[in-house]
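Fold and contact review
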Amino acid sequence: MNRTSDLKKLASKNSIYIVLIFLIVVVTIASPKFLTIGNIINIFTTESIKGLLALGVAFCILSKGIDLSLGSIVALSAVVSASLIQDPTYSAQMFKGLDMPIGIGLPVAIIAGILAGTIFGVVNGALIAYTKIPPFIATLGSMVVARGLAMLYTNAYPIPMLKKPFKTVGQGNILGIPNLLIILIIFAIFAWFLLNHTKFGKNVYAIGGNDVAARVAGIKVKKNIILVYTWSSFCAAVAGVLLAARTGSGIATLGLNYELDAIAAATIGGVSHNGGVGRIGGVIAGILILGVVNNGLLLLGVSPYIQQIVKGLIIVGAVVFDMRKNAKTA
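The name given to the protein in an unreviewed UniProt entry is Ribose ABC transporter permease, and the organism recorded there is Vallitalea longa. In its Subcellular location (unreviewed entry) section, the UniProt entry covering the protein states "Cell membrane".

Encoded structure:
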């Protein structure tokens, strides 16, 4: 009896991984092209950018918040970074004559892009912590502002012809492993470490579980909220720089609706919107589930419109499952 109960608990705890394996088996049977090395690498490369966003927004959801500004931050960071690393031979270069040596220009472009996006996290966190406005409203405003700034900065024109060393960051690989995947793994390990082995991570769980109790327990809630949103924007800013490097250009419409995919991945991965519950392993599984579904439907020739419907149903199903699970444990 105890053994059966233990197996049920184990299956319940790891249900997200069971779903992922089930999906992989189903898609592999439906399309023999799915389980090939080239296609697997394609899935990882495609989902790495959104994966970074999911790792960031997971902290917001854990603290019972949300971040809708991620997609716009991706765009702003991408155009700022791209504008500083254009090939000077391009006749329509944004900053005419700008040609920093690559040893200086490359880090300057990357850091400028990351700073341009990360500052929105500080502002979001401060707004939520000190004005008490709902995270949904604060980050919705930032979403519009950041997109507007990206449009204003570029006048809605693309910024192409980026220098090759910059593009190598997003398009290159090490021993056949895409750089984007390596960076995602590094961020996942760091996020796991932050949540499980630092005081900040414990504070995030405590604030999400009950912010009043956390405050009474001596946790500096405002400071931690600012750190949560700064981390979320930092992940989005890095994703923006990488997306510019991968596509070879900075465009103000990059990252459109990416925040929804990131929130969906975190939700499917078991990060509870009631706060205080979730694991980085689950978020990674959520990213892969969406990647497998997207790729599988593409291989099967399913209409993109139907793909959106399927993705929406999966998200709603994940939230319903999460609510029922929490109701049982309450």
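The next point concerns the packing of aromatic side chains. By the definition in use, this model includes seven aromatic pairs. Look at F187 and F234: their rings are 5.9 Å apart centre to centre, the planes differ by 20 degrees, and that puts the pair in the stacked class. Here the residue F187 occupies a position in helix α8 (residues 179–197), and F234 occupies one in helix α11 (residues 221–247), the gap between them amounting to 47 residues. Here F187 falls in the buried class, since its relative accessible area comes to 13%. Given a relative accessible area of 28%, F234 falls into the partly exposed group. For the pair F190 and W231, a centre-to-centre distance of 5.7 Å together with 55 degrees between the ring planes defines the contact as tilted.

This part covers helix α2 (residues 15–30). Taking 1.5 Å of rise per residue, 16 residues should cover 22 Å, and α2 covers 22 Å from first to last C-alpha, within 8% of that figure. Buried within α2 are the following residues: S15, I16, L20, L23 and V27. Around the axis of α2, the buried residues are gathered within 140 degrees of arc, so they sit on the same side. α2 presents I21, F22 and I29 as exposed residues on the side facing more than 90 degrees away from its buried surface.

Thresholds, definitions, all that
Residues numbered from 1 in each chain as written. Predicted model: local features only at pLDDT ≥ 70, side-chain atom pairs only at ≥ 80, totals over all residues. Heavy atoms only, no water. UniProt positions renumbered as here; feature names shortened; annotations may be inferred. Phe/Tyr/Trp six-rings, centres within 6.5 Å; stacked < 30°, edge-to-face > 60°. Helix = DSSP H or I, 4+ residues; strand = E, 2+ residues; numbered from the N terminus. Buried < 20%, exposed > 50% of the residue type's maximum accessible area, 1.4 Å probe, protein only. Expected span 1.5 Å × (residues − 1). Arc of directions from axis to C-beta.

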